[in-house]
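Chain and residue survey
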Amino acid sequence: MIKKCSYFIVTASAIAVITMAFRGVETTLVTNDFYKVSEPMAYNVPTSKNTIERINEELSDNFSLETNNTFIDFKEALAIRESDGDYNTVNSYGYMGKYQFGKGTLKFIGIKNAKDFINNPALQEKAFVAYIQKNKWILRKEIQKYAGKKMKGILITESGMLAAAHLGGAGAVQDFVRSNGEVSFVDGYGTDIKTYLKSFAHYDVSSIKAEKNPKISS
């Protein structure tokens, strides 16, 4: 009986040791697979003033906090200038919405109901694109002839002309460029189209196609 008991005790101990061994291997494998760091992580912080200046120069050459100057950047910058981006504003001259449209301009692009316009942001965005398309068509010859030239110290560009046309109409832009900058429109608040020609000169609006009669669907 003592021998049998001893046999069972030895057997049980052996099984326990083998089981623990396998569990140890399993634990080691899981740990190695998921948490192993093959190489030490190190951060080299430059202490030389010349090195830091060189790195800063390289960063400034490759990165910029400025926008990409796309059409979206163009329209949002213009909206800030016109109304601080407020869809519901109406100024003292009756110009409405985010991009400050007058009733005459709205009719010009096919919108007859001013109340619907002021209460419909989506319609205001469509109206802006349509008006840019219309002005781009009206100014197509001037854009081709004068873009890239300087007048009164201002570089004439497509985006600048379209912004100025939004302020004073396409006819005012035609008068300015055809007179070599001698004739310049000023709005009721004293803003000269030269300001818009200069401020909005560096945007890419090539994605907007010129349209003689753009259609608005509300």
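This is a predicted model, so every value here is computed, not measured.

Moving on, we come to the environment of Ala172. Note that Ala172 resides in helix H9 (residues 170–178). A sequence separation of 14 residues divides Ala172 from Val186, and the C-alpha atoms of the two residues are 9.3 Å apart. Ignoring sequence-local partners within four residues, the contact set of Ala172 consists of Phe185 and Ile193.

A word on unusual backbone geometry. Even without a glycine there, the phi angle at Asp84 is positive, about 60°. When you line up the elements, Asp84 lands in the loop between helix H3 (71–83) and helix H4 (103–108). Residues other than glycine seldom take positive phi values, yet Gln100 does so here, at roughly 55°. Counting through the fold element by element, Gln100 comes out in the loop between H3 and H4. Judged by relative accessible area, which is 10%, Gln100 ranks as buried.

Where helix H8 (residues 158–168) meets H9, the axes come as close as 7 Å, and the angle between the chain directions of the two elements is 125°. Between H8 and H9, the interaxial angle falls into the category oblique. Contacts between H8 and H9 pair Met161, Ala164, Ala165 and Gly168 from the former with Ala170, Ala172, Val173 and Val177 from the latter. In terms of residue class, the contact of H8 with H9 is made up of seven nonpolar, one polar and no charged.

This part covers the packing of helix H6 (residues 121–138) against H8. Packing of H6 against H8 brings their axes to within 10 Å, and their N-to-C directions diverge by 115°. As far as their axial angle goes, H8 and H6 are roughly perpendicular. The handedness of the crossing between H6 and H8 is right-handed. Note on element contacts: H8 touches H6 through Glu158, Leu162, Ala165 and His166, opposite Phe128, Tyr131, Ile132, Asn135 and Lys136. The class makeup of the residues in the contact of H6 with H8 is five nonpolar, two polar and two charged.

About the criteria used
Residues numbered from 1 in each chain as written. Predicted model: local features only at pLDDT ≥ 70, side-chain atom pairs only at ≥ 80, totals over all residues. Heavy atoms only, no water. Helix = DSSP H or I, 4+ residues; strand = E, 2+ residues; numbered from the N terminus. Contact = heavy atoms within 4.5 Å. Buried < 20%, exposed > 50% of the residue type's maximum accessible area, 1.4 Å probe, protein only. Axes fitted to C-alpha atoms, helices over the stretch in contact; angles between N-to-C directions. Parallel < 35°, antiparallel > 145°, perpendicular 65-115°, else oblique. Nonpolar A, V, L, I, M, F, W, Y, C, P; charged D, E, K, R; others polar. Left-handed = near helix turned anticlockwise from the far one by under 90°.

The quantities given are spatial measurements derived from coordinates; they are silent on function.
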